[in-house]
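# Structural overview
So you can see what is in the structure, the chains are spelled out below.
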Amino acid sequence: MKNRLAILFAASLLTVSSSAFGAPKAARSSADLILRVRNLFETWQALDPEKAAPFYAKDADLAFFDIAPLKYTGWTEYGEGVKKAFADFASLKLTVGNDLRATQRGNVAWTTATWQGQLFRKDGGNMAVEGRWTGVWEKRGKEWLLVHEHMSMPLPPPPAGQSLYTRLGGYDALAAVTDDFIGRLLGDKGLSRFFMGVGNDSRKRIRQLVVDQLCEATGGPCFYIGRTMKAAHQGLGITENDWKAAVDHLVATLEKFKVPQKEKDEVLAAISGLKADIITSAGSGGK
Ligand code: HEM
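Residues numbered from 1 in each chain as written. Predicted model: local features only at pLDDT ≥ 70, side-chain atom pairs only at ≥ 80, totals over all residues. Heavy atoms only, no water.

### Thoughts on the coordination of the iron atom of the ligand
- When only protein atoms are considered, the iron atom of the ligand has one donor, His233 (NE2), at a distance of 2.1 Å.
- Within the secondary structure, His233 is located in helix H9 (residues 229-233). (Donors = N, O, S within 2.8 Å, 3.2 Å for Na, K, Ca; no water. Helix = DSSP H or I, 4+ residues; strand = E, 2+ residues; numbered from the N terminus.)

### Comments concerning the state of the cysteines
- In this structure the tally under the stated criterion is 1 disulfide.
- Shown here is the disulfide that connects Cys215 with Cys222, its sulfur atoms set 2.0 Å apart. Given an S-S torsion of about 75 degrees, the disulfide between Cys215 and Cys222 has right-handed geometry. (Disulfide = S-S within 2.5 Å.)

### Let's talk about the packing of aromatic side chains
- Applying the stated rule across the entire model yields 8 aromatic pairs.
- An angle of 75 degrees between the planes, with centres 5.7 Å apart, marks the rings of Tyr56 and Phe64 as edge-to-face. In this structure, Tyr56 and Phe64 share a single accessibility class: buried.
- Between Tyr56 and Trp75, the aromatic rings sit 4.6 Å apart at their centres with planes inclined by 25 degrees, giving stacked as the arrangement. Taken together, the residues span a long stretch of sequence, with Tyr56 in the loop between helix H3 (49-52) and strand E1 (63-65) and Trp75 in helix H4 (residues 74-85) at a distance of 19 residues.
- Members of the aromatic cluster, each reached through a chain of ring pairs, are Tyr56, Phe64, Tyr72, Trp75 and Tyr78. (Phe/Tyr/Trp six-rings, centres within 6.5 Å; stacked < 30°, edge-to-face > 60°. Buried < 20%, exposed > 50% of the residue type's maximum accessible area, 1.4 Å probe, protein only.)

### Some remarks on the pairing of strand E7 (residues 143-152)
- Most of E7 is tucked away: 7 of the 10 residues are buried.
- Relative to E7, strand E6 (residues 126-140) is paired through 9 bridges, and the arrangement is antiparallel. Bridging from a neighbouring strand, Arg132 pairs with Ser152 of E7.
- What sits between the antiparallel neighbours E6 and E7 is a turn of 2 residues, in which Gly141 has the positive phi angle 65 degrees. (Pairing = 2+ DSSP bridges.)

### A short note on the site of the ligand
- In the region of the ligand, 20 residues are neighbours, and Arg205, Gln213, Arg227, Ala232 and His233 sit closest.
- The set of elements that each furnish at least two residues to the shell around the ligand consists of helix H8 (200-217), H9 and helix H10 (240-256).
- Ranked by residue count, the leading element in the shell around the ligand is H8, at 5 residues.
- Its residues assigned to classes, the shell around the ligand comprises 14 nonpolar, 3 polar and 3 charged. (Near = heavy atom within 4 Å. Nonpolar A, V, L, I, M, F, W, Y, C, P; charged D, E, K, R; others polar.)

### Things to note about helix H11 (residues 261-272)
- In this model H11 runs 16 Å from its N-terminal to its C-terminal C-alpha over 12 residues, within 8% of the 16 Å that 1.5 Å per residue would give.
- Inspection of H11 places Glu263, Lys264, Val267 and Ile271 among the buried residues, and these make up the whole buried set. In an axial view of H11, the angular spread of the buried residues amounts to 105 degrees, which keeps them on one side of the axis.
- Each element contacted by the buried residues of H11 is listed here: helix H5 (164-168), H8, H10 and helix H12 (275-278). (Expected span 1.5 Å × (residues − 1). Arc of directions from axis to C-beta. Contact = heavy atoms within 4.5 Å.)

Pasting the structure below:
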């Protein structure tokens, strides 16, 4: 809520009117425009749209983009909105960045700048805000007037990406996926031959090692302490066809657990890295 108010404040600062710092001067060049922008920002420090009003054209259909809400149409709506947004604030210190630029083409000009602000609430407390601002000006008579204004603040950085392990649902989800996958391998007549002489206890051991391996490979808090894939599958005679069948089972498992496409692709990419060490027979035997 505080942030939102701060944003509203900062946005309205960019808005309107005149007088605490004297009437705006006529602008005859880019240098005049720079001065006019500085006057505008200084004026907004009064938190009073009435004072900023002389800087703005009053055409009813002009668009003013404040930090919030999405859009104001016309100065009247803009001024009223900003007034409400500033209601809880006692004062504002606003500084225009050194990157302030003005470009003039005949009777039209545009100005850009970044800005920093410090908002002081009526109930105490203050907040620092910063953003960027674009003004489009038109010279009407002797004065440059804002016919469009765009105020924005950068979004906060996105939260750090979650590991694949977390996105898959953590340990229990990986264990369930592994059990389903191994169950499919054992139930496949073409692959069950590899596990013929592997007793229940050894199967449990392999299952646990696969869980640990997947957990570690997807960024989870586990360590795989089994043998290398090469050593574990050496001499088993696993062929390209066996591999394809196993991958199909894994895909079926991931689909059964409704793993989203992105995560599914990441799991399959991780597994495909093991292929060269697991295929130990050049033949295309198996199913
Ligand atoms: C066609 C596919 C595969 C077949 C037929 C297969 C078969 C086997 C067999 C029979 C063993 C027991 C070996 C032994 O103890 O002597 C084994 C071990 C193991 N496999 Fe596979 N495997 C396949 C794919 C995979 C994949 C995709 C993974 C990884 C996700 C994997 C991970 C493991 C692990 C961790 C072990 C235990 C290693 C150890 O004993 O230290 N395997 N595999």
